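Given next are the chains, with one letter for each unit.
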Amino acid sequence: MKAKGVRLHAANDLRLEEFELPEITDDEILVKVVSDSICMSTYKCAILGTGHKRVHADVAEHPAIMGHEFAGDIVKVGKNLQDKYRAGMKFTVQPALNYKGTMWSPGYSYEFFGGDAIYCIIPAEVFELGCFLEYTGKAYYEASLAEPMSCSIGAFNAAYHTKMGVYEHFMGIKEGGKLAIMAGAGPMGLGALTYALHRDVRPGMVVVTDLNQDRLDRAALLFPPAEIAKEGIELHFVNTGNYEDPVAELLKISGGTGYDDVFCYAPVASVVKQSSDILGRDGCLNFFAGPTDKKFSATMNFYDVHYNSTHVMGTTGGNTADMIESLELTAAGRIDPAVMVTHIGGLDAVAETTLNLPKIPGGKKLIYTHLTMPLIALTDLRAKGEADGDERYIALADIVDAHQGLWNPDAEEYLLANFIENR
């Protein structure tokens, strides 16, 4: 059958094109993709091409469908999977397959498997690994955002602490401890924040830093510190650019003892150094942000490593359990991944958006693959509707405004009912 999608042919070469999908085998499933959110990792893949660890060497001959944060509906089920799945079921996918020691993943490595397409084929290994997940919620975007949320969940679960003289790691962030999210007012940082505030094991203090005051102001509106304080958590938003010595200010906020857990969300040497410098005794630094420079390095205080038991580790992506936790917490209303979303668009916006992602302000860019729509900020919906004389955008803006400016299930339902063109 014919499908349309955005595929990688080489570094900086993304093409929206129509292509032929082969007939599925008995161990595969054909799906209709509804939503996909664009990840900074997809940008890195797009600019590196075969220089990326997950991109196969012959991508020019077998272009890879972009996108790995996607959700949709099952269309057709292979014979060997019909006892578990049926047409019409909603789904999402855990893309970190790690299949037989390879780094292959949808959105990087597969010719017919990825999220920036109208239809794609889920291969046998996804089911073998338990990475195909049924989704029973209302909104597709929540399932798409379960993957980026699972990355932060995995980072929290991978953090560890020790006790003096005990050769054992105690996994997870410190309960009731002090947590810093460095360069954390972007989409992934806000995802980490909503998780930190509403997970079972919670810190007693959270400090979010950034250099962008607009992003910090938006974060403070979404997470008012006075309201969070009622839940027993002290929350601070700090623009480190306002201080000659940001480390001293952050240590002052901590009461002088430093932080038990620090998550670094920017691959910037100065931010990594600040992250190291604010660690308290037995502090755990998670270097979350993946750099494109294979020789990226930064200074860390090894006096503290030796005498204060500080330590550094890193995570890339989450696992299936992390993703299931994300879906369950979202379904229960405990976390709202929509705090990450600032833009929506159609399939025609994917290539340009992906290649220019670092230059586009705001948070997550959410794509609906069956739409033809330019990338547009949620805050610009009303202005676009008035400028174009298109009442649909104004109605969409009304729905978003009624939900504190956040994307929401009602907005998605209206969008899918009134904007769909690529059926």
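For the structure, check the block above.
Rules of the game
- Residues numbered from 1 in each chain as written.
- Predicted model: local features only at pLDDT ≥ 70, side-chain atom pairs only at ≥ 80, totals over all residues.
- Heavy atoms only, no water.
- Buried < 20%, exposed > 50% of the residue type's maximum accessible area, 1.4 Å probe, protein only.
- Helix = DSSP H or I, 4+ residues; strand = E, 2+ residues; numbered from the N terminus.
- Pairing = 2+ DSSP bridges.
- Axes fitted to C-alpha atoms, helices over the stretch in contact; angles between N-to-C directions.
- Parallel < 35°, antiparallel > 145°, perpendicular 65-115°, else oblique.
- Left-handed = near helix turned anticlockwise from the far one by under 90°.
- Contact = heavy atoms within 4.5 Å.
- Nonpolar A, V, L, I, M, F, W, Y, C, P; charged D, E, K, R; others polar.
- Salt bridge = Lys/Arg side-chain N within 4 Å of Asp/Glu carboxyl O.
- Lys, Arg positive; Asp, Glu negative; His and termini not counted.
- Polar contact = N/O pair within 3.5 Å; in protein donor to acceptor, adjacent residues only side chain to side chain.

A. Structural context of the pairing of strand β14 (residues 259–264). Buried residues dominate β14, accounting for six of its six residues. Relative to β14, strand β11 (residues 178–182) is paired through four bridges, and the arrangement is parallel. When the bridges of β14 are listed, I181 appears paired with F263.

B. Quick peek at the packing of helix α14 (residues 391–401) against helix α15 (residues 409–418). Relative orientation of the contacting elements α14 and α15 amounts to 165 degrees, with a least axis distance of 9 Å. Taken together, the axis directions place α14 and α15 in an arrangement best described as roughly antiparallel. Here the hand of the crossing between α14 and α15 comes out right-handed. Taking contact as the criterion, the partners of E391, R392, A395, L396, I399 and V400 in α14 are, on α15, D410, A411, Y414, L415 and N418. For the contact of α14 with α15, the per-class residue count stands at seven nonpolar, one polar and three charged.

C. Expanded view of the environment of V208. Secondary-structure assignment places V208 in strand β12 (residues 205–210). Between the C-alpha atoms of V208 and A219, which are eleven residues apart in sequence, the distance is 9.1 Å. Setting aside anything within four residues of it in sequence, one finds V208 in contact with I181, G184, A185, L193, L216, L235, H236, F237 and V238.

D. Structural view of the sheet that holds strand β1 (residues 2–10). Across the sheet, three strands lie side by side as β2-β1-β4; this open sheet has antiparallel pairing. Both outer strands of the open sheet, β2 (13–20) and β4 (64–65), are each paired with one neighbouring strand and no more. Of the strand pairs in this sheet, β1 and β2 are connected by eight bridges, and their pairing is antiparallel. Residue pairing across strands places A10 opposite D13, the latter belonging to β2.

E. Expanded view of the pattern of salt bridges. Taken as a whole and judged by the stated rule, the model has 18 salt bridges. In this structure, the salt-bridge partner of K2 is E20, at a minimum N-O distance of 3.5 Å. Note that K2 is positioned in strand β1 and E20 in strand β2, a separation of 18 residues in sequence. In this structure K2 comes out as exposed when scored by relative accessible area, which is 52%. Linked through salt bridges whose partners overlap, the residues forming this network are K138, D410 and E413.

F. Up close: the side chain of E142. Along the chain, E142 falls in helix α3 (residues 140–144). It is K90 that comes nearest to the buried, bridge-free E142 among opposite-charge side chains, at 8.4 Å. Reaching out from E142, the side chain makes a polar contact with the side chain of Y135 at a distance of 3.2 Å.

G. Focus on α14. Of all the residues in α14, the buried ones are Y393, I394, L396, A397, I399 and V400. Check the buried side of α14 and you find it contacts β17 (341–346), β19 (376–377), α13 (381–388) and α15.

H. The arrangement of the pairing of strand β10 (residues 166–171) in detail. For strand β9 (residues 160–163) and β10, the ladder comprises three bridges, and the chain directions are antiparallel. Note on β10: the bridge partner recorded for Y160 is M171. In this antiparallel pair of consecutive strands, β9 and β10, the connection spans two residues, and G165 shows a positive phi of 80 degrees.

I. Here's a closer look at unusual backbone geometry. The backbone of K100 sits at a positive phi, close to 50 degrees, despite the residue not being glycine. Topologically, K100 is positioned in the loop between β6 (90–93) and β7 (119–122). Using a relative accessible area of 69% as the deciding quantity, one classes K100 as exposed. One non-glycine residue, Q404, lies in positive phi territory at about 60 degrees. With respect to the secondary-structure elements, Q404 resides in the loop between α14 and α15.

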